[in-house]
Amino acid sequence: MDKRETGRHRAAAVLVTALLLGVAGVVPGAQGAEAAAKSLILLIGDGMGPQILSIGKIYSEMELNSVLNIERLADKGRTCYASTSSADKLVTDSAASGTAIACGKKTQNGMIGMLPDTTKVDNIFELAVRAGKSVGAVTTTSISHATPACFLAHHPNRSHEWDIAAQVAECDAAVAMGGGSKYFLPPERGGGRRGGDLTETAARAGFEVVYDREAMLASEADRIMGLFAPAHLPYELDRDVETVPSLAEMTAKAVEVLSRNERGFVLMVEGGRIDHAEHENDIVDALGEFMAFDAAVGYALDYQERNSDVTVIVTADHDCGGPAITALKGEYAGYPDIDQYHTLEEETCPVVGWVSGDHTATLVPVFTIGPGEDGFAGIIDNTDIFIHMVEILGLEE
Ligand SMILES: [Zn+2]
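What you see is a predicted model; the values in this text were computed from it and never measured.

**Student:** Which residues make up the environment of Leu-185, and what values go with them?
**Tutor:** Looking at the element boundaries, Leu-185 is found in the loop between strand E4 (175-179) and helix H8 (198-204). The class of Leu-185 is buried, set by a relative accessible area of 6%. Contact partners of Leu-185, with chain neighbours within four places excluded, come to Gly-191, Gly-192, Arg-193, Asp-197, Thr-199 and Tyr-211.

Here is the structure:
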């Protein structure tokens, strides 16, 4: 079975998993419509510009005969667009855009939770913890990578993941799950960290540290750290489903843990590797990552439908690559099987064209459902997402 074929079946399995989780994984919570939300789930598709969303919608309809969870959410909630430029670049990176969303401030590309002059700025997690809420982050990248780092740490340089991991090990979050075990574990335990074992630091801080899917599902701890790969998790299409949890499974576990707090929670879920596949102009893995992210959105949407005091926001930090289904030499595609889509180099029709192997300045979509959803209208800036989240949760800056 070639990778495309595998991808088709795996993407269908992801959807089925999401449907099952929607039935079995729901945690009961407080009911009743209030002006402000008690809890918030923010899902960030790294690199999920409108183009990969368009291809995902076509794939879902034509190949799976199914509607995207993002589309289900959009049908019931609100949709707007956000600009993403950073303090010093028209085209942002994930650190500056993560800081804009997490902290409401523009900074330079590469900087985590700081102004350009390296002044630390509070993020939404810190404000929520001060209000007595629980917070958590899950991602398919290493947990010390740029986007989760903006919620869990402060650093002038995103590439210093050894330092960022040390901050994650001592953070106030109740949930921190993804990859990146090499930044935490010493060489004698298979990692690359010199001068200490950060999992011991995390354990002393109250975390149960788990390394595979089974241990994550079995955990009953009130604080959980999941390190499921040395660096980033494998692409969804390459994932060992027995040992590495899906993004939807991590999301369900995070909600299970965080929702034990009666004062509410804030959860950040990142589909972190849509971007990585787009940098490689790899449409098959980009689609696989997108569908895994959409399954996590499905879990969050189902949870919101049962808990009306929860707001769900789905957005992207930036577009990457600008993929589009297009014509080749004037020949437009009919309605072929998705397996017949190729890259431009393959010189056959239909094709997926890419404008680059880097990020773009294209506006990103923002989908919202729950209390405060009406604030997300028109074309906003990514810093407005933070401002709206603070208002919706009634937090004090
Ligand atoms: Zn990128």
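**Student:** Can you tell me about the nonpolar core, naming the residues and giving the values?
**Tutor:** Burial of nonpolar side chains together is a common tendency in soluble globular proteins. Counting residues in hydrophobic clusters, the biggest one holds 111 residues, and the most contacted among them are Ile-41, Leu-43, Phe-151, Phe-184 and Val-314. If one sorts the elements of this core by residue count, helix H12 (residues 283-306) sits on top with 13 residues. Not counting chain neighbours up to four residues away, the residues in contact with Phe-151 comprise Leu-42, Ile-44, Ile-101, Ala-102, Asn-123, Ile-124, Phe-125 and Met-268.

**Student:** Any chance you could break down the coordination of the zinc ion for me, citing the residues and the numbers?
**Tutor:** Taken together, the protein donors to the zinc ion comprise Asp-275 (OD), Asp-275 (OD), His-279 (NE2) and His-359 (NE2), at separations of 2.0 to 2.4 Å. Coordination at the zinc ion is irregular, judged from the 4 donor atoms that bind it and the angles of 58 to 145 degrees they form at the metal. Donor residues binding the zinc ion come from one chain and are separated in sequence as D-x3-H-x79-H. One end of the pair, Asp-275, is in helix H11 (residues 274-279); the other, His-359, is in strand E12 (residues 359-360), with 84 residues separating them in the sequence.

**Student:** Provide a residue-level description of empty space enclosed by the protein, including the pertinent values.
**Tutor:** The final tally for this structure, using the stated rule, is 2 cavities of 30 Å³ or more. Here the second largest cavity is characterised by a volume of approximately 60 Å³. Residue lining of the second largest cavity: Thr-140, Leu-233, Pro-234, Glu-236, Arg-239, Pro-245, Ser-246, Leu-247, Glu-289 and Ala-292, and that is the complete set. Counted by class, the lining of the second largest cavity contains 5 nonpolar, 2 polar and 3 charged residues.

**Student:** Tell me about the packing of helix H2 (residues 50-63) against H12, and please be specific about residues and values.
**Tutor:** Where H2 contacts H12, the axes come no closer than 10 Å and their chain directions differ by 80 degrees. Relative to H12, the element H2 is oriented roughly perpendicular. Between H2, through Ile-52, Leu-53, Ile-55, Gly-56, Tyr-59 and Ser-60, and H12, the contact on the second element is made entirely by Ile-283, Ala-286, Leu-287, Phe-290 and Met-291. Residue composition of the contact of H2 with H12, grouped by class: 9 nonpolar, 2 polar and no charged.

**Student:** Hey, could you go over the packing of aromatic side chains for me, with residue numbers and the actual values?
**Tutor:** Each aromatic ring pair is characterised by the separation of its centres together with the angle its planes make. Taken as a whole, this structure holds 4 aromatic pairs when the rule is applied. Judged by centre distance (5.2 Å) and plane angle (55 degrees), the ring pair of Phe-125 and Phe-151 falls under tilted. Placement of Phe-125 in helix H5 (residues 124-130) and of Phe-151 in helix H6 (residues 146-152) is noted, with a sequence separation of 26 residues between them. Residue Phe-125 shares its accessibility class with Phe-151, and that shared class is buried. Consider the rings of Trp-162 and Tyr-183, whose centres lie 4.9 Å apart with planes at 70 degrees: the pair is edge-to-face. Pair noted here: Trp-162 is in helix H7 (residues 161-169) and Tyr-183 is in the loop between E4 and H8, with a separation of 21 residues, a long-range link. Since its relative accessible area comes to 35%, Trp-162 is described here as partly exposed. Using a relative accessible area of 10% as the deciding quantity, one classes Tyr-183 as buried. The cationic tip of Arg-223 hangs over the ring face of Phe-207; the distance from NZ or CZ to the ring centre is 4.0 Å.

**Student:** Account for the side chain of Thr-141, with residues named and values stated.
**Tutor:** As for its position among the elements, Thr-141 is in strand E3 (residues 134-142). The exposure class assigned to Thr-141 is buried, which follows from its relative accessible area of 0%. A distance of 3.0 Å separates a polar atom in the side chain of Thr-141 from a polar atom in the side chain of Thr-139. Contact partners of Thr-141, with chain neighbours within four places excluded, come to Pro-148, Gly-178, Gly-179, Ala-231, His-232, Glu-270, Gly-272, Arg-273 and His-276.

**Student:** Let's hear about the pairing of strand E8 (residues 310-320): which residues, and what values?
**Tutor:** Of all the 11 residues making up E8, 11 are buried; the element is thus mostly covered by neighbouring parts of the structure. With 8 bridges joining them, strand E1 (residues 39-47) and E8 adopt parallel strand pairing. Bridging across to E8, Leu-42 finds its partner in Ile-313. Of the strand pairs in this sheet, E8 and strand E13 (residues 364-369) are connected by 4 bridges, and their pairing is antiparallel. Among the inter-strand pairings, Val-312 is bridged to a residue of E13, identified as Ile-369.

**Student:** Run through the environment of Ser-85, naming residues and quoting values.
**Tutor:** Tracing the chain through its elements places Ser-85 in the loop between strand E2 (78-83) and helix H4 (94-103). Overall, Ser-85 belongs to the partly exposed group, its relative accessible area being 23%. Between the alpha carbons of Ser-85 and Ala-361 there is a distance of 6.7 Å; along the sequence they are 276 residues apart. The residues touching Ser-85, leaving out its near neighbours within four places in the chain, are Leu-90, Thr-92 and Lys-106. Looking at Ser-85, its side chain comes within polar contact range of the main-chain oxygen of Leu-90, at 2.7 Å.

How each quantity is defined
Residues numbered from 1 in each chain as written. Predicted model: local features only at pLDDT ≥ 70, side-chain atom pairs only at ≥ 80, totals over all residues. Heavy atoms only, no water. Helix = DSSP H or I, 4+ residues; strand = E, 2+ residues; numbered from the N terminus. Buried < 20%, exposed > 50% of the residue type's maximum accessible area, 1.4 Å probe, protein only. Contact = heavy atoms within 4.5 Å. Core = buried A, V, L, I, M, F, W, Y, C linked by side-chain atoms within 4.5 Å. Donors = N, O, S within 2.8 Å, 3.2 Å for Na, K, Ca; no water. Tetrahedral: all angles 85-135°; square planar, octahedral: opposite > 155°, others 65-115°. 1 Å grid on protein atoms, 1.4 Å probe; cavity = no way out; pocket = protein on both sides within 12 Å on 5 of 7 lines; lining within 4 Å. Points joined across faces, edges and corners; volume = space filled by probe spheres on them. Nonpolar A, V, L, I, M, F, W, Y, C, P; charged D, E, K, R; others polar. Axes fitted to C-alpha atoms, helices over the stretch in contact; angles between N-to-C directions. Parallel < 35°, antiparallel > 145°, perpendicular 65-115°, else oblique. Phe/Tyr/Trp six-rings, centres within 6.5 Å; stacked < 30°, edge-to-face > 60°. Lys NZ or Arg CZ within 6 Å of the ring centre and 35° of its normal. Polar contact = N/O pair within 3.5 Å; in protein donor to acceptor, adjacent residues only side chain to side chain. Pairing = 2+ DSSP bridges.

As far as function goes, none of this settles anything; it's purely spatial.
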